[in-house]
Every structure is written in structure tokens, then in C-alpha cells.
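Fold and contact review
Here is what each chain is made of, one letter per residue.
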Amino acid sequence: MTSTHASEAARLRRAGRPRSEQADRAIIKAALEVFAESGPHGLCIEQVAAKAGVGKATIYRRWPGKEDLLLDALGALRRPLPVPKGESVRDDLVAMLDAMRAESVDPRQVRQLALLLGEGGRYPRLIERYVEAVVEPRRDVFRAVLRRGIATGELREGASIEMAVDMLTGAVLAKTTRLSHERADRGYGRRVVDELLTGIASR
């Protein structure tokens, strides 16, 4: 086999090599650590690669740039919301808020979110992409449950879906970012939903 053919064969083997989940986890973990230390401006692929114990090429094969890596890393902090059961709007909303509440008491997630929001003015495109990739898909789940509630008559016809989503998610976000040490307790999601439904439930 000529050297040209050998090089081509090696390239094809590399291209077909399956991604390592262990390497992915190590890279995500390292990216979050570097981000926590220095924010978006200090995040560099070289540091992430060194912390993760991989080569830069391994990272670039997975993510085109540091912004894409950071978005995936921040998204990995967010657990998927529970799949709505469809039996009760109230129960579905409580389950989803309970999942968000569990995130709000995780110090690592609180710090990462504060860092991201604090840098929003310098990195508007990053915030925009974060909203598109992480925030909006979650809001879509809430929207679907609320629309279903209106369709079934559980909720008042004409209720503002967007305002209801803002109130539900904003209630948890307020507990996550507030300056006091108060955090949402286990019954917080239920109380938020019940207060909201007092206003938009079908009468």
C-alpha cells in the first residue's frame, strides 16, 4: 500500500470512529469548570482539552467552537422536564415546576446561570442561542400543557399562555437568582401552580 493510500485509509478509520461517551462527559465537565472559573471570555479550547485529558482535535471534531461547546455544557446541566401525563393540567404543571425547583437548589447550576446572565451584555448572541437551544424547548412543554388545558376546559378560554408561562417559570427563576438565602422548598411548585390556577382556571 502506498503512503497516499495508507493516509487515506487512516483518515477513513478516524472518520468512522464512534464518539466516546466518556470523552464527551469529560469535555463537558471540563468546560463547565473552566466557565465557572473565568466566565465566557476566559473559556478556551486549550484549557478545556487539558482539563479533560483530550487533544484539541477531539473537541473540534465534536464542536465547531467554544460557544457551541458552552451551550451544550450549560444545556447538560438542565435535566429533561417530566413528560406530561395528560391526566391533569395541575398535576403536569406541578411535576414540571418540581423538576425546575430541584435545579434551583443546585449551587453549581445557580452559579453557572448567574455567570451566564451576568455576561449577557457582552455576549448577546450567546444568550440568544442559549434561549433558543435550552430555554424555549422547555417553555414549549409548558405551552403545550396550558393549551391542552384550555382545549379540555380545565383552563379559562382566552387565558394568556405566554403570561402564564412567564409566571410559572419566573417564580422558580426568582428563587434561583435572588440575593437572599431563601430557596424554593418542596411544596413551592404546588403553591405556585395553585395560585396561578386561581386566576385562569375555568369557572
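Up top is the structure these notes are about.
The notes below deal with the structure included here. Worth saying up front: this structure is predicted, and the values here are computed from it rather than measured.

Rules behind the numbers
Residues numbered from 1 in each chain as written. Predicted model: local features only at pLDDT ≥ 70, side-chain atom pairs only at ≥ 80, totals over all residues. Heavy atoms only, no water. Helix = DSSP H or I, 4+ residues; strand = E, 2+ residues; numbered from the N terminus. Contact = heavy atoms within 4.5 Å. Axes fitted to C-alpha atoms, helices over the stretch in contact; angles between N-to-C directions. Parallel < 35°, antiparallel > 145°, perpendicular 65-115°, else oblique. Nonpolar A, V, L, I, M, F, W, Y, C, P; charged D, E, K, R; others polar. Core = buried A, V, L, I, M, F, W, Y, C linked by side-chain atoms within 4.5 Å. Buried < 20%, exposed > 50% of the residue type's maximum accessible area, 1.4 Å probe, protein only. Salt bridge = Lys/Arg side-chain N within 4 Å of Asp/Glu carboxyl O.

**Focus: the environment of glutamate 119**
- For glutamate 119, the location among the structural elements is in the loop between helix 7 (107-118) and helix 8 (124-152).
- It is 8.8 Å that separates the C-alpha atoms of glutamate 119 and histidine 41, two residues lying 78 residues apart in sequence.
- In contact with glutamate 119, other than residues within four places in its own chain, are Pro40 and His41.

**Some points on the packing of helix 2 (residues 21-42) against helix 5 (residues 66-77)**
- At a minimum axis separation of 9 Å, helix 2 and helix 5 run at an interaxial angle of 110°. With respect to helix 5, the element helix 2 is oriented roughly perpendicular. The residues of helix 5 that touch helix 2, namely those facing Ile27, Ile28, Ala31, Leu32, Phe35, Pro40 and His41, are Lys66, Leu69, Leu70, Asp72, Ala73, Leu74, Ala76 and Leu77.
- When grouped by side-chain class, the residues that make up the contact of helix 2 with helix 5 number 12 nonpolar, one polar and two charged.

**Structural notes on the nonpolar core**
- Ile27, Val48, Ile59, Leu69, Leu74 and Tyr130 are the most contacted members of the largest nonpolar core, which has 26 residues in total.
- Within the residue set of this core, elements represented by two or more residues are helix 2, helix 3 (45-52), helix 5, helix 7 and helix 8.
- Looking at this core element by element, the count peaks at seven residues for helix 2.
- Core analysis: the second largest hydrophobic core is formed by 22 residues, Val89, Met100, Val192 and Val193 among them.

**Let's talk about the pattern of salt bridges**
- Under the counting rule described, the total for this entry stands at 18 salt bridges.
- In this structure, the salt-bridge partner of arginine 143 is aspartate 140, at a minimum N-O distance of 2.6 Å. Taken together, the positions of arginine 143 and aspartate 140, both in helix 8 and three residues apart, correspond to about one turn of that helix.
- Accessibility expressed as a relative area gives 8% for arginine 143, which makes it buried.
- Owing to a relative accessible area of 43%, aspartate 140 belongs among the partly exposed residues under this scheme.
- Bridged by salt links that share partners, the residues Glu136, Arg139, Asp140, Arg143, Glu162 and Asp166 form one connected network.

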